[in-house]
Amino acid sequence: MTRNVLAFIGLLTLIFAAGFAAYANRASFYDETPRKMAVSFEGLDLSSDQGRNMLEARIKRAITAVCGNVMDSNGLQEQMLIRKCRRNALAGTRPQVERAVEVAMRRRRAADLADAALQDQVPGTN
């Protein structure tokens, strides 16, 4: 009976030691495989400053969800990996955001031109 209790205590000590070591060095377990999260810009007017700012806020929240927050990390290596992930994620969104803004601006210009042409055709609006 005493031998079983000592073996059990030894096993628990090994389990807790391994768990604490894994927690202390969790940066070594950080998965560097690419991860994705879709960010919708539905309902946003990307031709306006307000719409673009709202999209940026959505992107930042998504990056935090995917990469984590540096402030939540204690280890320097993990902080470095989080920063790298955040930089890469932000850089990866730039071409897509620029394209979506460009399309929104074109549509707005086309709509403004159509409105101006319509105003010129309606009698009494000049």
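Everything below is about the structure printed above this text.
1. Description of helix α2 (residues 49–67)
Next, step 1: With 19 residues, α2 extends 26 Å from end C-alpha to end C-alpha; this agrees with the ideal 27 Å at 1.5 Å per step.
Next, step 2: Three or more residues of α2 are buried, namely Gly51, Leu55, Ile59, Ala62, Ile63, Val66 and Cys67. In a view along the axis of α2, the buried residues occupy a sector of 120°, so they form one face of it. Summarising the geometry of α2, the exposed residues directed more than 90 degrees from the buried face are Asp49, Gln50, Asn53, Lys60, Arg61 and Ala65.
Next, step 3: At its buried positions, α2 is contacted by α3 (76–121).
Next, step 4: A positive backbone phi angle near 100° is found at glycine 68, which sits one or two residues after α2.

2. With respect to α3
Next, step 1: Between its first and last C-alpha, α3 extends 66 Å over 46 residues, near the 68 Å set by a 1.5 Å rise per residue.
Next, step 2: The largest bend in α3 comes to about 30°, at arginine 94, with the proline proline 95 one to four residues further on.
Next, step 3: For α3, the full list of buried residues reads Glu78, Gln79, Leu81, Ile82, Cys85, Thr93, Val97, Ala100, Val101 and Ala104.
Next, step 4: Against α2 lie the buried residues of α3.

3. Brief notes about the pattern of salt bridges
Next, step 1: Evaluation of the coordinates by the stated rule reveals 5 salt bridges.
Next, step 2: For arginine 108, the salt bridge is made with aspartate 45, and the minimal N-O distance between the two is 3.9 Å. Separated by 63 residues along the polypeptide, arginine 108 in helix α3 and aspartate 45 in the loop between α1 (2–24) and α2 bring together distant segments of the chain.
Next, step 3: Judged by relative accessible area, which is 39%, aspartate 45 ranks as partly exposed.
Next, step 4: The salt bridge involving arginine 99 is made with glutamate 102; its shortest N-O contact spans 3.5 Å. Taken as a pair, arginine 99 and glutamate 102 lie in helix α3 at a separation of 3 residues, close to a single helical turn.
Next, step 5: When salt bridges with common partners are traced through the structure, they connect Arg99, Glu102 and Arg106 into a single cluster.

Rules and cut-offs
- Position numbers for residues count from 1 along each chain, tracking the sequence in the order it is written.
- Only residues with pLDDT of 70 or above have their local features reported here, since the model is predicted, and side-chain atom pairs are shown and tallied only from 80 upward, although totals for entire chains, interfaces and linings are computed over all residues.
- As a rule here, side-chain values cover all heavy atoms of the structure and leave hydrogens and water aside.
- Going along the chain from the N terminus, every DSSP run of H or I of four or more residues is numbered as a helix, and every run of E of two or more is numbered as a strand.
- Here the expected length of a helix is defined as 1.5 Å per residue gap, with one fewer gap than residues.
- Exposed residues in this analysis have more than 50% of their type's maximum accessible area, buried residues have under 20%, and partly exposed residues fall in between, with area computed by a 1.4 Å probe over protein chains only.
- Comment: arc refers to directions from the helix axis out to C-beta atoms.
- Note on definitions: a residue-residue contact is assigned when non-hydrogen atoms from the two residues lie within 4.5 Å.
- In this analysis the local bend is the angle between axes fitted, respectively, to the seven residues ending at and the seven residues starting at the residue.
- A pairing counts as a salt bridge when a side-chain nitrogen of Lys or Arg comes within 4 Å of a carboxyl oxygen of Asp or Glu.

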